[in-house]
Amino acid sequence: MKLFDVYPLFNITPAKAEGSWLWDDKGQKYLDLYGGHAVISIGHSHPYYVKALTDQLSKIAFYSNSVRNPQQEQFAEKLGVVSGYPDYQLFLCNSGAEANENALKLASFVTGRKKVIAFKKAFHGRTSGAVAATDNPKIVAPFNANHEIVFVPMNDEAAFTAALDNTVAAVIIEGIQGVGGIQLPNDAFLQFLERKCQENGTIFILDEIQSGYGRSGKFFAHQHAGIRPHVITTAKGMGNGFPIGGVFIHPDIKPWSGMLGTTFGGNYLASIAGLAVLEVIEREKLIENAAVQGNYWIEKLKAMPTLKDVRGRGLMIGFDLPDDKATVRTDLLHKHKIFTGEAKPNTIRLLPSLTLSRTEADLFLTALTEELK
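Small disclaimer: the values here were computed from a predicted structure and weren't measured.

### Looking at helix H8 (residues 268-283)
With 16 residues, H8 extends 22 Å between its outermost C-alpha atoms, agreeing within 8% with the 22 Å of an ideal straight helix rising 1.5 Å per residue. Within H8, 13 of the 16 residues are buried, which leaves the element mostly enclosed by the surrounding structure. Trailing H8 by a residue or two, lysine 285 shows a phi angle of about 50°, which is positive.

### Observations regarding the sheet that holds strand E3 (residues 29-32)
Strand pairing in a sheet takes place through backbone hydrogen bonds and is either antiparallel or parallel in direction. Strand order across the open sheet formed by four strands is E1-E2-E3-E13, with mixed pairing between neighbours. Every other strand in the sheet has two partners, leaving strand E1 (14-18) and strand E13 (338-339) as the edge strands with one partner each. Examined bridge by bridge, strand E2 (residues 21-24) and E3 share three bridges and lie antiparallel to one another. Each residue of the ladder has a partner; that of tryptophan 23, found in E3, is lysine 29.

### Details of unusual backbone geometry
A cis geometry characterises the amide bond from lysine 344 onward to proline 345, with omega recorded as 0°. In the Ramachandran plot, lysine 285 falls in the positive-phi region, its phi being about 50° despite a non-glycine side chain. Relative to the helices and strands, lysine 285 resides in the loop between H8 and helix H9 (286-302).

### Quick word on the sheet that holds strand E11 (residues 308-313)
Strand order in this open sheet of four strands is E11-E12-E15-E14, and the pairing throughout is antiparallel. Each of the sheet's edge strands pairs with one partner strand only, and the pair in question is E11 and strand E14 (341-343). When strand polarity is set aside, the average angle formed by the axes of neighbouring strands in this sheet is 20°.

### Some details on the pairing of strand E7 (residues 168-174)
Each regular strand carries side chains that alternate between the two faces of the sheet. For E7, the buried fraction is high: seven of the seven residues fall into the buried class. Alignment of strand E5 (residues 115-119) against E7, held across three bridges, turns out to be parallel. Across the sheet, lysine 115 pairs through a bridge with valine 168, a residue of E7. Note that E7 and strand E8 (residues 203-207) share five bridges and pair parallel. What sits directly across from glutamate 174, in E8, is aspartate 207. For the crossover from E7 across helix H7 (residues 187-200) to E8, the handedness is right-handed.

### Describing the packing of H9 against helix H11 (residues 358-371)
Running from N to C, H9 and H11 point in directions that differ by 20°, and their axes come no closer than 11 Å. Taken together, H9 and H11 sit at an angle that is classed as roughly parallel. Considering the relative orientation of H9 and H11, their crossing is right-handed. Taken together, the residues of H11 that come into contact with H9 (itself represented by Val292, Gln293, Tyr296, Trp297, Lys300 and Leu301) are Arg358, Ala361, Asp362, Phe364, Leu365 and Leu368. For the contact of H9 with H11, the residue count by class is eight nonpolar, one polar and three charged.

### Considering the pattern of salt bridges
Counting across every chain of the model gives 14 salt bridges. Of the charged contacts, one joins aspartate 309 and arginine 311 as a salt bridge, the two residues approaching to 3.2 Å between their closest N and O atoms. For aspartate 309, a relative accessible area of 49% puts it in the partly exposed group. Looking at arginine 311, the relative accessible area reads 9%, which means it is buried.

Cut-offs applied
- Residues numbered from 1 in each chain as written.
- Predicted model: local features only at pLDDT ≥ 70, side-chain atom pairs only at ≥ 80, totals over all residues.
- Heavy atoms only, no water.
- Helix = DSSP H or I, 4+ residues; strand = E, 2+ residues; numbered from the N terminus.
- Expected span 1.5 Å × (residues − 1).
- Buried < 20%, exposed > 50% of the residue type's maximum accessible area, 1.4 Å probe, protein only.
- Pairing = 2+ DSSP bridges.
- Axes fitted to C-alpha atoms, helices over the stretch in contact; angles between N-to-C directions.
- Right-handed = clockwise from strand over helix to strand, strands pointing away.
- Parallel < 35°, antiparallel > 145°, perpendicular 65-115°, else oblique.
- Left-handed = near helix turned anticlockwise from the far one by under 90°.
- Contact = heavy atoms within 4.5 Å.
- Nonpolar A, V, L, I, M, F, W, Y, C, P; charged D, E, K, R; others polar.
- Salt bridge = Lys/Arg side-chain N within 4 Å of Asp/Glu carboxyl O.

Put into structure tokens, the structure is as follows:
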């Protein structure tokens, strides 16, 4: 059997990883400034994380959600404290798409409505409702296209007001758009959305799947705006590579038996992986490090006249390249052995581990300077 050929691949085979570094099967070393789509939050192969998973694996790896799981409860309690949402409820699942799917379903249950407002350039996942709320018609199959979704421009209060009515179940927005090219909602716009959703009886969903878990220099990117959404979704950096997704649910939203469900979500290994990530983030002050290193990078990048529209928060940074420098990303990879991300047409995305050091940050700046000459 062959693999279903849907992924464009670099001809590189990682065989080992540690911290911000990868080694391929030939022994070549690479600086990883993409972290597998912002997944690697505490660094590859962190010894505390590896030991926690190994110890749990030797005891019990899985049973269903029909029994008590103390590890799940410990994870939820710790996550509430570290995130600043101790009064919210947590539903655990396996991925960001699944988190968003459950968030949209929850909003529809609570409001009895169907319509959803999303934003231009949004990416929320590839399951039915999540992909319908994603602004990319190419990946929306006819089967997915019957959801009632309205897309409006981000940071446009007039367009949003025109779209909002009493049939809207949910408004979903990313804390920072990732796939869309590191596009930031204004703090004032997020505050406006929160207010309008409250007035309209609409559930306000913050998709923090890529922008959460300390990446922006706060636990969630929306916390820069001082808001508290009804529902928050998270995944990528949550398990440092172990598949975990989560939905934070406002305490006023009451559950009923069978309302949501999952087979694998919150299993023993997932809960222990998530708990280990939080403990490392706290102990090593990684949110603070993301803010410091991110501010340093943004300052240095903005001083490079060739780059256009340097933007981001913390270690979630994007910038645009002129057309005559469109090969910079591949040149960084092949000539300098540095992984970065992209967004079409000419945007580079930086999503490294939150453990990034100043030395590693400078290695990138030196290589980028050379390629921009």
